[in-house]
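Commentary on secondary and tertiary structure
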Amino acid sequence: QLLEVSHSTVSREMRRNLNAQGLYRYDQAQSISSRRRKTCRKRPVITPELQAQIVDKLNLDWSPEQISGRFRLEGISQVSHQSIYNWLWCDRQNGGIFQAQNQGQPYSQSAYD
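On a predicted model such as this, the values are computed, not experimentally measured, just so you know.

Trans is the common state for peptide bonds, and a negative phi is the common state for residues other than glycine. At Asp61, a position not held by glycine, the phi torsion is positive, near 65°. Checked against the element boundaries, Asp61 lands in the loop between helix 3 (48-59) and helix 4 (64-74).

Laid out in structure tokens, this is it:
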């Protein structure tokens, strides 16, 4: 009650982080927790195989919305258009295959300004 945390939370913490002697040490618990956190990663939404299919469609001038919709219809993947945009953004930031491609026309001022 001093910690203002549920007793089940405390017991779970104790159970998960006991050392070999059955004792709880906060420094060891923190290192165990950090190790768990480091090894626990989300799997990528866009796999290398899916990347290849997306690149093929982008080279055909399909939009991410069209790609996402077609992949859903064909049962290929449930990838969202936003995931494709995020992947493209990361690819450009890292100097990937879409770095040199320019989307749209360059901005030019109107003659009436």
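We now examine the packing of aromatic side chains. Summed over all chains, the structure comprises 0 aromatic pairs. A cation over a ring is seen here: Lys57 above Trp62, with NZ or CZ 4.6 Å from the ring centre.

This part is about the packing of helix 4 against helix 5 (residues 81-93). Orientation of helix 4 relative to helix 5, taken along the N-to-C sense of each, is 130°, at an axis distance of 8 Å. In terms of orientation, helix 4 lies oblique with respect to helix 5. Crossing hand, helix 4 versus helix 5: right-handed. Within the contact between the two elements, helix 4 uses Pro64, Glu65, Ile67 and Ser68 and helix 5 uses His81, Ile84, Tyr85 and Leu88. Among the residues making up the contact of helix 4 with helix 5, the classes are represented as 5 nonpolar, 2 polar and 1 charged.

Before going further, it helps to spend a moment on helix 5. A rise of 1.5 Å per residue sets the reference length of helix 5, with its 13 residues, at 18 Å; its end C-alpha atoms lie 18 Å apart and thus fit the reference within 8%. Of the residues making up helix 5, those classed as buried are Ile84, Trp87, Leu88 and Asp91. Angularly, the buried residues of helix 5 cover 100° about the axis, an arc narrow enough to put them on a single face. For helix 5, the exposed residues set more than 90 degrees away from the buried face come down to Trp89 and Gln93. Those residues of helix 5 that are buried lie in contact with helix 3 and helix 4. Immediately beyond the C-terminal end of helix 5, within one or two residues, lies Gly95, with a positive phi of roughly 70°.

What counts and how
Residues numbered from 1 in each chain as written. Predicted model: local features only at pLDDT ≥ 70, side-chain atom pairs only at ≥ 80, totals over all residues. Heavy atoms only, no water. Helix = DSSP H or I, 4+ residues; strand = E, 2+ residues; numbered from the N terminus. Phe/Tyr/Trp six-rings, centres within 6.5 Å; stacked < 30°, edge-to-face > 60°. Lys NZ or Arg CZ within 6 Å of the ring centre and 35° of its normal. Axes fitted to C-alpha atoms, helices over the stretch in contact; angles between N-to-C directions. Parallel < 35°, antiparallel > 145°, perpendicular 65-115°, else oblique. Left-handed = near helix turned anticlockwise from the far one by under 90°. Contact = heavy atoms within 4.5 Å. Nonpolar A, V, L, I, M, F, W, Y, C, P; charged D, E, K, R; others polar. Expected span 1.5 Å × (residues − 1). Buried < 20%, exposed > 50% of the residue type's maximum accessible area, 1.4 Å probe, protein only. Arc of directions from axis to C-beta.

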